Amino acid sequence: MRAAVSFVFAVLAVVTGAILLPAAPAQASPVAPLPPVSSADAKKQSELVDAEDIRLRSMFARFGVLTEPTLVETTGSLPTLLLPARKEPYSAEDVIAAGGGRHEVDGAVMFTTHVLVGPQARLVIDAGVHTLRLASGASGFASVASWRGGLEFAGASPQDPLTIVGWDVQNLEPDTLTTDGRAYLRTMGGELIVRNTSANHLGFWNGRTGGIAWTGSKGEPSTGGAANSTFSDNIYGAYISGSEGIQMVGVRLVDNERSGLAVHRDAITTLVSGVTSSRNHGDGMTIDRASSSRVMRSTVTDNSGDGISLDGRGLGVVATATGVTVNQIKDTLIEENTITGNGRYGIRVVGGENTIVRKNKISGGQLGILVKSGANGTQVTANSINGAAEAGIQIGPDARRTAITENSMADGRLGVITQDAMTTIISRNLVRGATDFAITVRGIADDSVIQWNNLGGEGWRAVDTRQSTGIDGGDVHNNNTQAWVEREPQHWYTLIRRHPALLVWGAVALFPIAGAWTRHRARRRPPSHPYPESELLVRRLTGGTMRPAAAFSGIPGQRGAPFDLFGTAEPADDVTGHAGQPGTGQPETRQLETVGPPGDDPHQLRKQRSEGESSA
């Protein structure tokens, strides 16, 4: 059985190495997703977020009667320093003077309480502070927030930034534990500006406490943005929601636990330009139900999820003259970005109207560009896609009025695939190195056109519409397929390359076959002698010249009766109960077979041996 199992695994190793490994193109290595948070830790952090919301609302209600900085004790958390409105901005020294912080021996400033900036007030931390530490640990955490006020953090230069860090006051190191909460920065309906700053080890659980957050407040959008800064090792690199006109320019978002950048609900006209989002344990950038966002000239690499993920599906429905329609997010622009080596898709567009995906360079991942789930009026144009494992561009299911024009795709199994996508225009695209189909259309494809494409590769067909409805030969025209090589029917290994799980099922099928074969061989093997010592004794007494007859099995009652060790008569019971030949009363004798030359009689040999001894 062991030999059979070893043989099965050896065959699998050879087949896998020879077939599957050469077919996999070299890919960059995205970081792995983090393990999920346990239910107990999730509940604890969620309760901390709720407690923060309650604390902030109760503190905001006090601003109406305050005229100077006031430190308020808060049950279950660190005290909160309230900074009410005044003409001059507050500074780090004002916070320290009011009891909200202290100077450290190494020159850093430590905030030891929550700091909340009220309406019409402003807190500025400038280059006079080189390092700002926010107390964080099991005994509580500090936050810096504004409610309809202003916050500004500005270092001297990108080469000499202001450092803001969540600081474990017990272990005197950055706080890496989030289950007991962690320090964060946030504005609510106010302004938050971050320049020349390195902010790390901030935030816990969700977006508004996730590190650095711009959030709205009852119709008051947040404003501001970040430039020439680095946000790393936070929950989110940056979180934007309920905002208007936020600008992220020249920001690095690295090694965060979730998305590098999350642009969430009710964020309007967000501009992302020259941003690098890398090695985050979620998507590089997520735009979720946010209108008129622009992501331009940014680099998104080696994230565990998608490079750029857009969810433009609306939150509700609206009544129109033609019925009820979904209120989709509109006018998102994703342009001139470099997107490489992400774990899933380069750019994913789910829902939304009039989205433009243009002039992006995408490599690696499972898919280059995916458009689906109610997306309407999407333009995918002038993108360069290289080495996407499955397909360069996938449209559908459920996408309408999509234009795929002037794109370049190379070295994928498929160039363009559409699935249940109506009114799709596929025109003037370049496909090279496809291994199945350059363009394949499946499902409902009413009013779709495939024209003026330059298609190359080696596969089954350059253009495949066999599994589609609503498109005919007249809708496919003027495509250049001179560089396409029709593949001849292939052998079994082609099926395995496309469906590698067949190897596993093949192994499962081989195990019972190998077991049956092993049992069959075991049954054919002659049984071992039950008394091997007796056979050895016979050989010693006869000098190795005598052995049992060939028909002897060594087991009483099988293939002949047992023999007499000394060659005497062997009893056999007859029908009368007498020993000997049946019915005759004569004994039946069985002679020992000799190993000597034919014709030698053992009695004669014994007689000759006796005569020789007498003569001697």
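Worth saying up front: this structure is predicted, and the values here are computed from it rather than measured. (Residues numbered from 1 in each chain as written. Predicted model: local features only at pLDDT ≥ 70, side-chain atom pairs only at ≥ 80, totals over all residues. Heavy atoms only, no water.)

A.B. asks: Describe the overall build of the protein, and please don't skip the residues or the numbers.
C.D. replies: Per the secondary structure count, the protein includes 7 helices and 54 strands. Each of the 616 residues in the protein was classed as buried or not, and the buried ones make up 45%. Counted over contacts in the protein with a minimum sequence separation of 6, partners at least 24 positions apart contribute 57%. (Helix = DSSP H or I, 4+ residues; strand = E, 2+ residues; numbered from the N terminus. Buried < 20%, exposed > 50% of the residue type's maximum accessible area, 1.4 Å probe, protein only. Contact = heavy atoms within 4.5 Å.)

A.B. asks: With reference to specific residues and values, describe helix 5 (residues 501-524).
C.D. replies: Its 24 residues give helix 5 an end-to-end C-alpha distance of 36 Å, which sits within 8% of 34 Å, the value for a rise of 1.5 Å per residue. Looking at helix 5, one finds that the buried residues are Leu503, Ala507, Ala514 and Gly515. (Expected span 1.5 Å × (residues − 1).)

A.B. asks: If you had to explain the side chain of Gln394 to someone new, which residues and values would you point to?
C.D. replies: Structurally, the position occupied by Gln394 is in strand 40 (residues 391-395). Here Gly396 takes part through its backbone oxygen, which lies 3.2 Å from a polar atom of the side chain of Gln394. When neighbours within four sequence positions are excluded, Gln394 is seen to be in contact with Leu367, Ile369, Leu370, Val371 and Ile417. (Polar contact = N/O pair within 3.5 Å; in protein donor to acceptor, adjacent residues only side chain to side chain.)

A.B. asks: Outline the side chain of Ser277, listing residues and values.
C.D. replies: Among the secondary structure elements, Ser277 is positioned in strand 24 (residues 276-278). Taking the relative accessible area as the measure of exposure, Ser277 reaches 0% and is therefore buried. Sequence-distant contacts of Ser277, defined by excluding residues within four places in its chain, comprise Leu253, Gly260, Gly284, Met285, Thr299, Val300, Thr301 and Asn303.

A.B. asks: Quick rundown of the pairing of strand 28 (residues 308-312)? Include the residues and the values.
C.D. replies: Counting buried positions along strand 28 gives 5 out of 5 residues, so the element sits mostly inside the fold. Judged by which residues are buried, strand 28 turns out to be covered on both faces: Ile308, Leu310 and Gly312 on one side and Ser309 and Asp311 on the other are all buried. Bridging between strand 25 (residues 285-288) and strand 28 involves 4 bridges; their strand directions are parallel. Looking at strand 28, one finds that Thr286 is bridged to Ser309. Here 5 bridges tie strand 28 to strand 33 (residues 345-351), and the two strands are oriented parallel to one another. From the neighbouring strand, Gly312 faces strand 33, where its bridge partner is Gly351. (Pairing = 2+ DSSP bridges.)

A.B. asks: Outline the environment of Ala138, supporting the account with residue identities and numerical values.
C.D. replies: Tracing the sequence through the fold places Ala138 in the loop between strand 7 (131-137) and strand 8 (140-141). Separated by 41 residues in sequence, Ala138 and Thr179 place their C-alpha atoms 9.2 Å apart.

A.B. asks: Tell me about the packing of aromatic side chains, and name the residues and values.
C.D. replies: Tallying each qualifying case throughout the model produces 6 aromatic pairs. Taking 6.4 Å as the distance between ring centres and 50 degrees as the angle between the ring planes, the aromatic pair formed by Phe141 and Tyr184 counts as tilted. Taken as a pair, Phe141 in strand 8 and Tyr184 in strand 13 (residues 184-188) lie far apart in primary sequence, 43 residues in all. Judged by its relative accessible area of 6%, Phe141 is buried. (Phe/Tyr/Trp six-rings, centres within 6.5 Å; stacked < 30°, edge-to-face > 60°.)

A.B. asks: Can you lay out the nonpolar core for me, pointing to particular residues and giving the numbers?
C.D. replies: With 81 residues, the main nonpolar core has Leu123, Phe153, Trp214, Phe231 and Met248 as its most contacted residues. Sequence-distant contacts of Phe153, defined by excluding residues within four places in its chain, comprise Ile125, Leu132, Val144, Leu162, Ile164, Leu185, Leu192, Ile193, Val194, Arg195 and Thr197. With 13 residues, the next largest nonpolar core counts Leu56, Met59, Leu82 and Trp147 among its residues. (Core = buried A, V, L, I, M, F, W, Y, C linked by side-chain atoms within 4.5 Å.)

A.B. asks: Give a description of the pattern of salt bridges that names residues and reports values.
C.D. replies: Across all of its chains, the model carries 22 salt bridges by this definition. Linking Arg133 and Glu104 is a salt bridge whose minimum nitrogen-to-oxygen distance equals 3.7 Å. Residue Arg133 is located in strand 7, and its partner Glu104 is located in the loop between strand 3 (101-103) and strand 4 (109-111); the two are separated by 29 residues in the primary sequence. As far as burial versus exposure is concerned, Arg133 and Glu104 are alike and both buried. Salt-bridge contacts for Arg400 lead to Asp398; the nearest nitrogen and oxygen are separated by 3.4 Å. On the basis of relative accessible area, Arg400 is assigned to the partly exposed category, the value being 31%. A relative accessible area of 40% places Asp398 in the partly exposed class. When salt bridges with common partners are traced through the structure, they connect Arg102, Glu104, Asp106 and Arg133 into a single cluster. (Salt bridge = Lys/Arg side-chain N within 4 Å of Asp/Glu carboxyl O.)

A.B. asks: Residues and numbers for a nonpolar patch on the surface, please.
C.D. replies: A cluster of nonpolar residues, Val504, Trp505 and Val508, forms a patch on the protein surface that exposes about 350 Å² of accessible area. Along the chain, Val504 falls in helix 5. (Patch = residues over 30% accessible without salt bridge, like charges linked within 9 Å, V, L, I, M, F, W, Y side chains within 5 Å. Areas by Shrake-Rupley, 256 points an atom, 1.4 Å probe, with all protein chains shown as cover.)

A.B. asks: So what about unusual backbone geometry? Which residues, and what values?
C.D. replies: Look at the link from Gly396 to Pro397: it is a cis peptide, with omega at 5 degrees. The phi torsion at Gln120 lies on the positive side, around 65 degrees, for a residue other than glycine. Structurally, Gln120 can be placed in the loop between strand 5 (114-117) and strand 6 (122-125). A relative accessible area of 67% places Gln120 in the exposed class.

A.B. asks: If you had to explain the environment of Ala391 to someone new, which residues and values would you point to?
C.D. replies: Note that Ala391 resides in strand 40. Residue Ala391 is classed as buried on the basis of its relative accessible area of 1%. Apart from residues lying up to four places away in sequence, Ala391 is in contact with Gln366, Leu367, Gly368, Leu414, Gly415 and Ile417.

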